[in-house]
Structures are given as structure tokens and as C-alpha cells.
Amino acid sequence: MKPTGATVPPDERAAAAADTSRSVPPPPDSSSPARTRTVIAMVGNPNCGKTTLFNALTGLRQKVGNYPGVTVERKEGTLNTAAGPITLIDLPGLYSLTPHSPDERIARDVLLGYRADTPRPDAIVNVVDASNLERNLYLTSQLLDLGIPVLVVLTMNDTAALHGMRVDADALQEALGVPVRAVQAAKRRGLPDLIETLAEVPSQAPPPARTWTLPPTAEREIEEMAGLLQEHDGLSPTAAFTEAALLLGLPDGSPLQQEALRRWSPTVREHIRTDLDAFAAEGIDLSTLITEARYTDVGRLVARALRQEAAVPVTLSDKLDRVFLHRFWGYVIFLVLMATLFQTMFTWASYPADLIAGAVDAAGQWIAARMPEGDLRDLVVNGAVAGVGNTVVFLPQILLLFLFISLLEDTGYLARAAFLMDRLMSRVGLHGKSFIPLLSSYACAIPGVMATRTIESSRARLLTILVAPLMSCSARIPVYAVMIGAFIPATLVFGVQLGGLKLGLTLQALTLFSMYALGTVAAFGMAALFNRTLLKGDGPTFLMEMPPYRLPSLRTVVLTMFERAWLFVKRAGTVILALSIVLWFLSTYPKQPAGTPPSEQMRQSYAGLAGRTLEPFIRPLGFDWKMGIGIISSFAAREVFVTAMGTIYSVSEDAAEDEEKLSVALGEKMKADVNPTTGRPTFTPLVAISLMVFYVLAMQCISTVAVVKRETNGWKWPLFQIAYMTGLAWFTSFLVYQGGRLLGFG
Amino acid sequence: MKRSTPNTSSAADCPATAAQCTLDCLGKGQKARVCQVEGPNRCRLMELGFTSGTEVEISRRAAFGGPLEVRLRSYRLSLRCEEASSIRVETGSPEFT
């Protein structure tokens, strides 16, 4: 079987490996000027300081996007050197060339030249964390086998010093046979020297022959396999050795091995099968031998380059962790931090959000004043501007959340939070790192879904995305406010009444709390259900490095925040604009004769027609066609419910200007509404609760749908999410309404 | 084509007489030496440094049976009990007692 379409044919790869100094072949899309330049990939373990170095080298000359087909961030930047501009690609962090996450797979595919959309790099900058030398050099050992020139950059030398360690760059350079440079990226120390070396690396000779060795039988096996790959798959000697060592290093019988074997010719596959069986019969596992051989060789390098003080000092990180990971205080601090984060997202974000809402209004009016009256003006002002405005209002919350997340990530606290929360999360198949995305979904599901990018396990990440919109977001608050204000009495559930002052819990507060609790319970319950059914499989693995605490680099934090926010604006912008226009159209057409009251216009519109068509389906929940219109228009954003109901109930114009007045006036009108056929009130407290329950559980937010579509790469999961959430909402509201009636309420 | 994991040569690296257990059985502060890694995460655990003969120390255990934190090759890694139970270690060596 030949390699699949997405991969570069082996002969091309062979050519690339054989002559590494030549320029990259012209790509299918030659519009990007970067392709003709020298390309250097930055490679390293996660948390090795690679991104800080990348930012220090490229500054703002960066392009951030996605690798096609996956949601792995793709970062490219330009570095100006004496020899001309160089394209730097910041590859996702990886522990080895045997991928265990989508991030690692991308990095490996680029390094081996498997991806058609990214050129195989001309050289590699391997970023190595000096405070974690041994494990970082394991990857180096694999990179040196690729036959591409390598430059090793030592970072975190200051952290190493705190641990009583010092890495001798010269000794390491001599032992490895490739240039080694030490830098302190955040303070820009060592950068000029590094840039100078960097410019020369692509024209350097490939690294010297490997120094790790295997027992003779295993050595012969690698050579034999490399020979077969040259003969049957047309690989160059270097590429054939690299691939043979990687292939034999994969665990026997694993899906990774099966995937790798599909790449090569049948002869190679049959041969490897027979040989591995023969080794297994003698009790030898080649993958173990290869990993151990590399670590043995790394041990030799470390012995030459690392100076370790006899006594390892207790570091600040150790002292901090005694508090932050304390079995009691650790949780107290975590809860206080999360409460602060959550509160800040609500309060700080409301000022800029109000400003944006005001600016959108002003923009709408400005345009309205300059366009002739008519459908086009209506479309632009009420469809496009208002629709996009509804989304951009979330931007402050998104910026703040990402500011906090990059701070938590860069200081190293995120790993601690995951450590503390993992037990709770793992019960329902989630990951310790699912906690923060779920928590931020209380503010808004959009940043919550985007924050799942910190979860390495793709299964736990999908599970988190699927349940995040069930957490009660801030857009539901206006709906709760109207319904609770109008239909739930403020009687005391427990507490004391002192004159007009009520101390304690009122029924209103209890109802609001119940809605939040319902969303949370539903999210965990559905996660548990999907974990056991739909996404059944081995539980996500939780192998997480605990990096030392670090002072975050302001530059990196701010850059990360704006990059992610920009991705959101670009992403959400297109789909939301389109859907806003559709919704505007549905509630505006067909036009009624001039002079028709707005409520009648709404009733006769397509949205009104849909509401009336929907009525038989939502009648068992206690809703009529008016609520049907409310539910449909909520797809733009849930708070639009209040505006839509305001239009239907013809709440006077001046009241509609002030949201508080609107909800009070609307509440009064709703209470007075009587069903013409039965003569009973349309809204009762039971209907109000049923409606709120529906709003807690239903997926009614096109912005979230758009973001989920982007983050999961397709329509499958967002459509599934709409289906299951609507079903869940319908059944729960049905149970609440019908159960309530049986019990004699409403 | 799925086959059981073959016996590895590293099993021979632990003396038969040494006291053996799995990593999740160790308490905070206990040290041990890796004998053998099994299970679906074997490859990744070995790449992260759990090769036979590596010295490991349990530096922390989370409350309510949560993850463990292990110190090895001068860095810290946290892993769940399930994953830790796939790592066989020996504690009998005199340097650990």
C-alpha cells in the first residue's frame, strides 16, 4: 500500500533528507513569500521556554493560525539576520517523535516532512530546559537522527542554578557534536550571538553519526529494516535509518505501530511482523531496548555537561507547593482564586462591555441617519450591526479570561489546579484541566470552549466542549431576571424578617440558585453519560509535568491574550454575521402594511409562523406561540428573548430604552396575558419555571455553535450538541410542567 | 494482529529477591527503583524516563485518592493511581531503607 494522499511521497522525502542544504520545494500554494525562504523549526518539550524564546526572536512579526484539519495552533514568524530573513516555525511542544496528542502529531509530521501544507524545515532549533536536562535530551537524541542540522539552545539556566545545577554549554556542544548556545530569553541575554549562529545553521553539516547503541542482534535488525526501506520505499540512507529506528521503537501491536506500518510497502510490513515475532519469542522487546539505549546515551551526555551540587537546595517552588498543594489549604487557596477570577470576569468586563454595546448602538444610529429608509437600511442596522454587536460584547470577558489563563499557565499554577481537581473531574471522564473551561463557562461558553485548548487529551477535551454550554452563562441572567421578578414571590424560605428588611434566603434567590445548580448537575451528568456510552474507551491519561513556578513574561502573556481574542473575532464574526441576517429576515418578512403594530408584524412574520408551527411541540411544556418566537429569536443570543417578548407584548417604546424598566413592564404584561380559548393566564409560576429550565438546558446560542464548529473541525459535534441539549431541555421541561400540574401547581 | 505485550528484557534487571510492588503502593517520601512498565501507556512512560533502574520518589499524593506526584530524573511528574499501578518498582535495595 502506498502512503495516503495527505503525505508527501517517500521519494520526495528521501530527496529532502539526502540534501538538506537545498531550499524547500515549491509548495502547491506559492502565494506565501515565506516558502521561498529558509525555514527553521523551533522544537522542544512542553514548558521548556520555547514560546518565550520565539516571541523574543520574532517580536510582532508573527502569523498565528491553525494547521488545516486540526485545532493545533500554528505559529510562524520572521527573523531578520545578517544573511537575510528566516522563517521560524514554532512547533507545538513534544516529548518524543512517538506522538500521543494532536499537538505532538503535528510537530512530528512537520519534522518528518509528512505534511503537504508545511515545508520540511531546513534546520532545527532544539530548545532544551537546562533545569530538566536529562528528559529534554531524550528528544534531542531523536532529533539528531533526522539528518537535519540542529542547534541546541539552553534555556532556564537561572532555574537550574536555583536547583544547584549548572549546564556547561561548551562541554555539551563537544559531546553532542552540534552547536549549543545558552540564552535568557526574557532578559534578551545571549540573543545576538544566538541569531548569528542561527543564520549559519542551515548551511551546516547534519549532526554526526548517532552515539546510542543496541545489542548486536537489535543493531542488525535496524540496519536490515533501513535497507528494506531504501530498496522498497525509495528512502535515502539517512531517512531510512530515521524511519527504521522510529518504526521499531513503537510498542508492538499498538495502534501507533499499525498506523506507521501503513505508510510503507507490503514487503517492509511482512518483514517487520516476522522479525518482531521472532524477537518476542526470545522475550526481547525492541521498543524498550531503543528507549533504554537512548536514555543510556543521554546519561553519558549529562555526566559530561551537568555540574550538580552535592546537596540539592530546597527551592522556592518546593516551598510554594507545600502551601498551594496542601491537602487542605491548597483547596482553600484554589477556591479563593477561582472565586476572584469569576467575580472579576463579571464586574470588570461589564464596563467595557457597556461601552461596546453603546458604540454598536451609536454605529447603528450613525448608519441609520445616513442611509435612505428601507429594507437595506433595516438589514444593515438591525441585522448585521446588531447581530455582530451581540457577539463583540463578549470580547472583554474573553480577553480577561485569556489574560487569567495565560497568567495561570505561565506561572505554572494551571498544572497545580489540574492536580487538585483531577480526582473530581476523572469520575465523569473529564481531566483536571477541564475545570477552568467549565468554570469560565458560567460567564460565557465561548471563551470556555476556547479554553479547552489547554487539555492535551483529545477525548477529555471533546467531552468538556460537549458539556460546557450547560453551565449557566451570563446571557441567561436577563431571562431569569424577568421570569423570577414577575412570577416567583420574594417570600422567605428561611431567615428572619425585620420590618421591611428580609435577612435570609428568599424563594427568588433559591430559584436562581437552583437554575445554576441544575446546569452544573446536568453538565456533570451528561459528561458521565457520554463517557460511558458515546466516547467509550480507555480513560484519558493524566501524565502531567509539574513545572517550577516562574514569573510570567508580560510580553508572552499579552501576546497570547490578543492572539486568542483575534482568533475569536475572526472565527465567530463570519458565521454569526450570516446567521444574524437570517434571523433578522425571519422576523421582518413578510412585511405587513404600514401602520401594523409591531406585535402584529411579529405574529405574521416567518418567525411568528415558526412560533405558531412550533406551538404543538412546546404546548406540553406549558409554552404558547409567543414563547416559541422568544425561543427562536434566542438563537441570536439568549438575552434577545427579553427584547423579542417586549416587541410581542408591545411594551411601550420609552420603557424599552431602559432594560430594568423593560423587564418590570414586560413582567406586568405577561401576568395580565390570558389565553383566549381557556380563559386562564398564559403565564403561571409553573410555566415560568418550565421556561427557565428550558433555557438552562437548551443550546440556544449561535456564537457557541460557531465556536464549537471551529474547535471540533466540522458540523458533526455542534449538531449533535444542539440535538442532545434540545432533547434534554424538552424532556426536563416536560417533566417539570406535567409533574407540577399533577401535583396541583399552575 | 493485536498481541499481548511480550516479556521485556528489563524484567531481568530486578533481582528476584528484591521487594517489589507497584508505584501507587508507595507512600509520600518513599523512594524506589523502576523494574518494568506495563499497560497502554508503557511507551510514553518510558519516554518520560521510567526506564528500568531509574530512581523515583513519591513527592506528594493528592487528597481523596487523587493523582501522585513523582520525582524522577530531576523533574516532577504527576500521574493517576491507575497509571502508577502499571509501573513495577523495587524497594528492597539497602539504599532506600
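Definitions and limits used
Residue positions are given per chain, counting from 1 as you read along its sequence in written order. Chains and ligands are labelled by the order in which they are written, letters from A for the one and numbers from 1 for the other. Two thresholds apply to this predicted model, a pLDDT of at least 70 for residue-level local features and 80 or more for giving and counting side-chain atom pairs, whereas whole-chain, interface and lining totals are computed over all residues. Strands are runs of DSSP state E lasting at least 2 residues, helices are runs of H or I lasting at least 4, and numbering of each runs from the N terminus. Buried means a residue has 20 or more other C-beta atoms within 10 Å of its own C-beta, exposed means 12 or fewer, and partly exposed covers the counts in between; C-beta atoms are placed from the backbone. Residue pairs are scored as contacts if the distance between their C-beta atoms, which are placed from the backbone, is within 7 Å. In this analysis an axis means a line fitted to C-alpha atoms, helices contributing only their contacting stretch, and an angle means the value between N-to-C directions, from 0 to 180 degrees. Roughly parallel means an angle under 35 degrees; roughly antiparallel, over 145; roughly perpendicular, 65 to 115; everything else is oblique. A crossing counts as left-handed when the near helix is turned anticlockwise from the far one by less than a right angle, and as right-handed when that turn is clockwise. By the convention adopted, Pro, Cys, Tyr, Trp, Phe, Met, Ile, Leu, Val and Ala count as nonpolar, Lys, Arg, Asp and Glu as charged, and the other residues, Gly among them, as polar. Here the rule is simple: two strands pair whenever DSSP picks up at least two bridges between them. Each residue carries a pLDDT score, the predictor's own confidence in it, on a scale running from 0 to 100. These domain limits were set by an automatic method or by a database of domain assignments. Classification remark: right-handed applies to a crossover when, strands pointing away from the viewer, the course from the first strand over the helix to the second runs clockwise.

Caption draft 1: Structural context of the overall build of chain B. Per the secondary structure count, chain B includes two helices and six strands. Across the 97 residues that make up chain B, the buried fraction comes to 46%. Relative to all contacts within chain B whose residues are 6 or more apart in sequence, the contacts with residues 24 or more apart total 58%.

Caption draft 2: Spatial organisation of the packing of helix α30 (residues 685–697) of chain A against helix α32 (residues 716–742) of chain A. Residues and elements named next belong to chain A. Closest axis-to-axis distance for the α30/α32 pair is 8 Å, and the angle between their directions is 160°. As judged from the angle between their axes, α30 and α32 are roughly antiparallel. Our pair here, α30 against α32, has a crossing hand that is right-handed. Along the contact surface, α30 presents L686, I689, S690, V693, F694 and L697, while α32 presents M725, L728, A729, T732, S733, V736, Y737 and G740. Here the contact of α30 with α32 is composed, by residue class, of 10 nonpolar, four polar and no charged.

Caption draft 3: Local environment of unusual backbone geometry. With an omega of -10°, the peptide bond between Y589(A) and P590(A) qualifies as cis. Positioned with a positive phi, F64(B) is a non-glycine residue whose angle comes to about 55°. Position of F64(B) among the secondary structure elements: in the loop between β3 (55–61) and β4 (68–72).

Caption draft 4: Local environment of the interface of chain B and chain A. Taken together, the contact between chain B and chain A spans 36 residues of the former and 36 residues of the latter. For the side of chain B that touches chain A, the secondary structure elements donating two or more residues are α1 (42–47) and β5 (75–79) of chain B. Of the residues contributing to the side of chain B that touches chain A, the split by class is 13 nonpolar, 12 polar and 11 charged. Note that strand β12 (residues 543–545) of chain A and β5(B) share three bridges and pair antiparallel. The residue bridging E545(A) from the neighbouring strand is L77(B), located in β5(B).

Caption draft 5: Seen up close, the pairing of strand β2 (residues 31–37) of chain B. Residue and element names in this part refer to chain B. Across the seven residues that make up β2, a large majority, six, are buried. Both β2 and β3 contribute to a ladder of three bridges, which runs antiparallel. Considered in β3, the bridge of K31 is made with E57. With four bridges joining them, β2 and strand β6 (residues 87–90) adopt antiparallel strand pairing. Considered in β6, the bridge of V37 is made with I87.

Caption draft 6: Spatial organisation of the confidence of the model for chain B. Residues and elements named next belong to chain B. Chain-level pLDDT for chain B is 81 on average; 75% of the residues reach the 70-or-more range. Note that pLDDT drops below 50 for residues 1–12; the model gives that stretch 24 contacts with residues more than four away or on any other chain. Among the prediction metrics, the complex's ipTM stands at 0.87, with pTM recorded as 0.80.

Caption draft 7: Spatial organisation of the domain arrangement of chain A. Residue and element names in this part refer to chain A. Splitting chain A by domain gives domain 1 (10–203), domain 2 (216–308), domain 3 (329–475 + 513–539) and domain 4 (574–742). Using only C-alpha atoms to locate each centre, domain 3 and domain 4 end up separated by 22 Å. With 24 residues of domain 3 at the contact, the number on the domain 4 side is 26 residues. When residues of the side of domain 3 that touches domain 4 are traced back to their parent elements, those giving at least two are α15 (375–392), α19 (445–451), α20 (458–467) and α22 (507–532). If one sorts the elements of the side of domain 3 that touches domain 4 by residue count, α15 sits on top with nine residues.

Caption draft 8: Structural context of the pairing of strand β5 (residues 123–129) of chain A. All names here are of chain A. For β5, the tally of buried residues reaches seven of seven residues, placing the bulk of the element in the interior. Burial along β5 is two-sided: the residues A123, V125, V127 and D129 and I124, N126 and V128 are all buried. Chirality of the crossover, the property in question, places the unit of β5, helix α4 (residues 133–144) and strand β6 (residues 150–155) among those that are right-handed.

Caption draft 9: Highlighting the packing of helix α16 (residues 395–411) of chain A against helix α17 (residues 413–426) of chain A. All names here are of chain A. Following both chains from N to C, one finds α16 and α17 inclined at 90°, their axes separated by 5 Å at the closest point. Classed by the angle they form, the pair α16 and α17 counts as roughly perpendicular. Residue-level contacts link L408, E409 and T411 of α16 to Y413, L414 and A417 of α17. Looking at the contact of α16 with α17 residue by residue, the classes come out as four nonpolar, one polar and one charged.

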